[in-house]
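Coordinate inspection notes
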Amino acid sequence: VDPTTNPVDEKWDFTRLGDVRVLANYNIVSDDDPINRFGFQFGFKLPTGSYKVSNSDGVRAERALQPGTGSTDVIVSAFYTHRGVSAGSAWFAQLGYQQPALTQDEYRPGSQTSFTAGYNQPLVGALTGTLQLNALLKNRDSGANAEWDLSGGRYVFISPGLNYAVSNSIQIYAYAQLPIYRYVNGVQLVADYGFVGGAAIQF
């Protein structure tokens, strides 16, 4: 339904690979306490997801609803971890920024600023529990194929999750993302909840 014109019912149903992020970490670790560390993260969001998905009527979904943005984005962040109240636990915080660098087909997604704070607590063996608070500020999209007035917003999520150390250099993780505050410009589709999973490899 387009809120700026007469209502029109449209539907898309697809399961596709979205845009992949490739990130590298640089850690500055204290010799006295390796849990206390400061570091930087740098990487890219790659345009692996399609931005040309259409429904059964041949109508292409709006760019903001596509699996991918078609853009290559630069991602930078800084993070800090500090020893927690029990052995092996840690507090952590991270501030990040994502900026589109290369775009396609007259669409530039808005830049994003994110902040995360949380706590890691060892559970059983190599399994660790995590509780995060995530805040995200998304600027408006731009370009001929963007909907400037129906893009951008502010979000806050609480995110419980699990982390499993496969080895000293490989970890896998998964967490749920539950919204506790959302403000969007205009009328937008938003998810009731999300799930995130991935792997971290140290070299």
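Please refer to the structure placed before this passage.
Residues numbered from 1 in each chain as written. Predicted model: local features only at pLDDT ≥ 70, side-chain atom pairs only at ≥ 80, totals over all residues. Heavy atoms only, no water.

Things to note about the packing of aromatic side chains
Spelled out, the test is: Two aromatic rings, drawn from Phe, Tyr or Trp (for Trp, its six-membered ring), form a pair once their centres lie within 6.5 Å of each other, and the interplanar angle then sorts them: stacked below 30 degrees, edge-to-face above 60, tilted otherwise. For the exposure calls, accessible area comes from a 1.4 Å probe over protein chains only, and a residue counts as buried if that area is under 20% of its type's maximum, exposed if over 50%, partly exposed in between. The rule for a charge over a ring is simple: NZ of Lys or CZ of Arg within 6 Å of the ring centre, and within 35 degrees of the ring normal.
Going through the model one piece at a time under the given rule, you end up with six aromatic pairs. Ring geometry for Phe38 and Phe40: centres 5.1 Å apart, planes at 80°, overall edge-to-face. Using a relative accessible area of 41% as the deciding quantity, one classes Phe40 as partly exposed. For the pair Tyr173 and Tyr175, a centre-to-centre distance of 6.5 Å together with 20° between the ring planes defines the contact as stacked. The lysine or arginine in question, Arg140, covers the ring of Trp148, its NZ or CZ lying 4.0 Å from the ring centre.

So, unusual backbone geometry
Filter applied, for reference: Counting from the N terminus, the helices are the DSSP runs of H or I reaching at least four residues and the strands are the DSSP runs of E reaching at least two.
Of note, Asp105 is a non-glycine position whose phi angle comes to about 55°, a positive value. Considering the arrangement of structural elements, one finds Asp105 in the loop between strand 4 (90-102) and strand 5 (112-122). On the accessibility criterion, Asp105 (38% relative accessible area) is partly exposed. We note that Glu106 has phi near 60°; this positive angle belongs to a residue other than glycine. Among the secondary structure elements, Glu106 is positioned in the loop between strand 4 and strand 5.

Focus on the pairing of strand 7 (residues 153-165)
Using the following cut-off: At least two DSSP bridges between two strands are needed for those strands to be called paired.
The pairing of strand 6 (residues 127-138) with strand 7 spans 12 bridges and is classified as antiparallel. Pairing of Leu133 across the sheet is with Ile158, part of strand 7. Linking two consecutive strands that pair antiparallel, namely strand 7 and strand 8 (residues 170-184), is a turn of four residues.

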